[in-house]
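Read off the chains here:
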Amino acid sequence: MYEWQRQIQKMIDVIDLYIKKNDSESLSLGHLSKESGYSEFYISKKFKEISGMQFRDYLRYRRLAFALKELRDTESRILDVALQYGFSSHEAFTRSFKEAYGITPSEYRRHPGPVALRTIIKPFDCYLSEIGVSHMENSEQKIKTYYVTIPAHKFLHIKNYESIGYWDFWQKQSLIPGQDCETICGLLDSIKSKLDDMGGSEANSGNGQIMAYINEPDGRICSWGIPLAECYGVRLPADYDGDIPPQMLLIDVPEGEYLVFEHGPFDFERENQSVEEKIEAAMKAYDYAADGYCLDTTPGRIFYFYHDPERFWKYVRPVRKII
């Protein structure tokens, strides 16, 4: 299963690349079969087994997800968007779009609120599948620390008071209607103006989605003795006035000072565990007082957590100056 999770992840990444390049000829099971060396039947079977979706359905929904963002972010004609993403006519595009999102393309363009994209599939997520936790190779990089002032912004999120870590968080959220990983990540992916959005298509910090911990009295007591509620969401501009999905919360986060613990790019299959241990040790040993600061445990302060192996792993912890 491990190797096929890798294979399906590669296929998903390749599909995105071909869609962006408007390479319809390569967007076929036959082409992917030739590239991978497996039969079309076997690829189709494994894709459904791992992703929970037929290949043809995934491809259609993925094209619609790209088309939705095109409608949201540009003034291109709806017909041009339809043709660009593989639909034969305005009518065919409208039917598929409404079937997927419950709204027509023209209605969405007039009011582009959050919708649950159906293509947030993470077959090779080292936390959800527990890949990468047993492989250990020491990273030679040092943990970089620096203070930053983060301007006022908003944080759109869901939260859980009882979960312990990413995997447990999504296990618990999956028991709540409308708060499973695919639905929430799809909603967040459709929202414009995310502050941390680097243009990625996966459900991680590459497309603005991050874990966070809010200091709240009802939260679970963490290893350093603070009651924290575990959250997943996106940071938005302070003046964001868009729609809020009914199952999510939007809070104002005032300007504040933070200490960042950052590790650079790493191979999460081989180094994930060692990087986690290294950054945890650095946070535990850090002497805040020597800099004239202390960890800010005021209720409402947020701890941000970014895990994006191709760029970095970093914790952003709220601090305040010692008076």
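As the structure is a computational prediction, the values presented were derived from the model and not from experiment. (Residues numbered from 1 in each chain as written. Predicted model: local features only at pLDDT ≥ 70, side-chain atom pairs only at ≥ 80, totals over all residues. Heavy atoms only, no water.)

A.B. asks: An account of the pairing of strand 6 (residues 256-263) is needed here, citing residue identities and associated values.
C.D. replies: Extensive coverage of strand 6 is indicated by the burial of 7 of its 8 residues. Here strand 1 (residues 144-150) pairs with strand 6 via 7 bridges, running antiparallel. Directly across from V148, in strand 6, lies its bridge partner Y258. Inspection of the sheet shows strand 6 paired to strand 9 (residues 312-321) by 7 bridges, in the antiparallel sense. (Buried < 20%, exposed > 50% of the residue type's maximum accessible area, 1.4 Å probe, protein only. Helix = DSSP H or I, 4+ residues; strand = E, 2+ residues; numbered from the N terminus. Pairing = 2+ DSSP bridges.)

A.B. asks: Could you give me a rundown of the environment of L250, with the residues and numbers involved?
C.D. replies: Mapped onto the secondary structure, L250 falls in strand 5 (residues 249-253). For the pair L250 and L236, spaced 14 residues apart in sequence, the C-alpha separation works out to 9.4 Å.

A.B. asks: Before we move on, could you go through the pattern of salt bridges and cite the residues and values that matter?
C.D. replies: For side chains bearing opposite charge, pairing can occur when the charged atoms are close. The final tally for this structure, using the stated rule, is 16 salt bridges. Put simply, R72 and D73 hold a salt bridge, and the shortest N to O gap is 2.7 Å. Here D196 and R235 are joined by a salt bridge, their closest N and O atoms 3.0 Å apart. Here D196, found in the loop between helix 9 (181-190) and strand 3 (209-221), pairs with R235, found in strand 4 (residues 227-237); they are 39 residues apart in sequence, far enough to count as distant. The burial state of D196 is the same as that of R235; both residues are buried. The structure contains a network of salt bridges with shared partners spanning D57, R60 and E99. (Salt bridge = Lys/Arg side-chain N within 4 Å of Asp/Glu carboxyl O.)

A.B. asks: Any chance you could break down the nonpolar core for me, citing the residues and the numbers?
C.D. replies: General note: in soluble globular proteins, nonpolar side chains tend to be found buried as a group. W170, L188 and Y232 are the most contacted members of the largest nonpolar core, which totals 36 residues. In this structure, F55, V81, Y101 and L117 belong to the second largest nonpolar core, which totals 34 residues. (Core = buried A, V, L, I, M, F, W, Y, C linked by side-chain atoms within 4.5 Å.)

A.B. asks: Which residues make up the packing of aromatic side chains, and what values go with them?
C.D. replies: Throughout the structure, instances matching the rule amount to 15 aromatic pairs. Taken together, a centroid distance of 5.6 Å and an interplanar angle of 80 degrees make the contact between F155 and Y304 edge-to-face. One end of the pair, F155, is in strand 2 (residues 153-160); the other, Y304, is in strand 8 (residues 302-308), and 149 residues separate them in sequence. Just as F155 is buried, Y304 falls in that class too. A connected cluster of aromatic rings, assembled from ring pairs, spans F87, F93, F97, Y101 and Y108. Here the guanidinium or amino end of R60 rests over the ring plane of Y61, the centre of that ring lying 4.8 Å away. When the ring centre of F312 is taken as reference, the NZ or CZ atom of K314 above it lies at 4.4 Å. (Phe/Tyr/Trp six-rings, centres within 6.5 Å; stacked < 30°, edge-to-face > 60°. Lys NZ or Arg CZ within 6 Å of the ring centre and 35° of its normal.)

A.B. asks: A description of the confidence of the model for the protein chain should follow, citing residues and the corresponding values.
C.D. replies: Chain-level statistics for the protein chain give a pLDDT mean of 85 and a share of 88% at 70 or above. Here residues 123-135 scores under 50 on pLDDT; set against residues more than four positions off or in separate chains, the count is 42 contacts. (pLDDT = per-residue confidence, 0-100. Contact = heavy atoms within 4.5 Å.)

A.B. asks: Lay out the packing of helix 2 (residues 29-36) against helix 3 (residues 40-51) with the relevant residues and their values.
C.D. replies: Helix 3 packs onto helix 2 with a crossing angle of 100 degrees between their chain directions and a minimal axis gap of 9 Å. Considering the angle they form, helix 2 stands roughly perpendicular to helix 3. Seen from helix 2, the contacting residues are L29, G30, L32, S33 and S36; seen from helix 3, they are E40, I43 and S44. Taken together, the residues of the contact of helix 2 with helix 3 break down into 3 nonpolar, 4 polar and 1 charged. (Axes fitted to C-alpha atoms, helices over the stretch in contact; angles between N-to-C directions. Parallel < 35°, antiparallel > 145°, perpendicular 65-115°, else oblique. Nonpolar A, V, L, I, M, F, W, Y, C, P; charged D, E, K, R; others polar.)

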